[in-house]
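Architecture and fold: a report
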Amino acid sequence: MPGAAAAEGMLFPALFYLYFNWSDPTAIRGWAIPTATDIAFALGVLFVFGRRVPASLKIFLAALAINDDLGAVVVIALFSTAELNLLALAGAASSLEI
């Protein structure tokens, strides 16, 4: 569920950006930037309310923030770089514990 919410949270800001910048060829290249919405701020606000907010909501929002940030990094890396260093990516992937 957090993954699907993060995907939609990345898609709609990008589409919104494209809608308003469609006529500017320079600005349209920045479509990936709005995908990195900062949901971690909302998580901080929830922690201010302490025990009045259910722990399950905090956990869901933390998972959503992680998925959103990872997705935004992948989108920006894939669409905003001139070339990818596949050796470095393979090295990073090999260090993950799955």
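A brief structural summary. (Residues numbered from 1 in each chain as written. Predicted model: local features only at pLDDT ≥ 70, side-chain atom pairs only at ≥ 80, totals over all residues. Heavy atoms only, no water.)

**Looking at the packing of helix α1 (residues 2-21) against helix α3 (residues 55-79)**
In a packed pair of helices, the relevant descriptors are the angle between the two axes and the axis-to-axis distance. For clarity, the cut-off: Angles here are taken between N-to-C directions and fall from 0 to 180 degrees, while the axes themselves are lines fitted to C-alpha atoms, restricted in helices to the stretch in contact. Helix numbers and strand numbers start at the N terminus; a helix is a DSSP run of H or I with at least 4 residues, a strand a run of E with at least 2. Orientation is classified from the angle alone, with under 35 degrees giving roughly parallel, over 145 giving roughly antiparallel, 65 to 115 giving roughly perpendicular, and any other angle giving oblique. Less than a right angle of anticlockwise turn of the near helix away from the far helix marks a crossing as left-handed, whereas a clockwise turn marks it as right-handed. Residue contacts are defined here by distance: any two heavy atoms, one from each residue, within 4.5 Å place the two residues in contact. Amino acids are sorted into nonpolar (Ala, Val, Leu, Ile, Met, Phe, Trp, Tyr, Cys and Pro), charged (Asp, Glu, Lys and Arg) and polar (every other residue, Gly among them).
Closest axis-to-axis distance for the α1/α3 pair is 8 Å, and the angle between their directions is 50°. In terms of their interaxial angle, α1 and α3 are classed as oblique. In this structure, α1 meets α3 at a crossing whose hand is right-handed. Between α1 and α3, the residues in contact are P2, G3, A5, A6, G9 and M10 and F60, A63, L64, N67, D68, G71, A72 and V75, respectively. Here the contact of α1 with α3 is composed, by residue class, of nine nonpolar, four polar and one charged.

**Side note on the packing of aromatic side chains**
The test is simple: Only Phe, Tyr and Trp rings take part, Trp by its six-membered ring, and two of them pair if their centres are within 6.5 Å. Stacked means planes under 30 degrees apart, edge-to-face means over 60, and tilted covers everything else. Burial status follows relative accessibility: with a 1.4 Å probe on protein chains alone, a residue under 20% of its type maximum counts as buried, one over 50% as exposed, and anything between as partly exposed.
Evaluation of the coordinates by the stated rule reveals three aromatic pairs. An angle of 65° between the planes, with centres 4.9 Å apart, marks the rings of F16 and F20 as edge-to-face. Of this pair, F16 and F20 both sit in helix α1, separated by four residues, roughly a single helical turn. Summarising the burial analysis for this pair, F16 and F20 share the class exposed.

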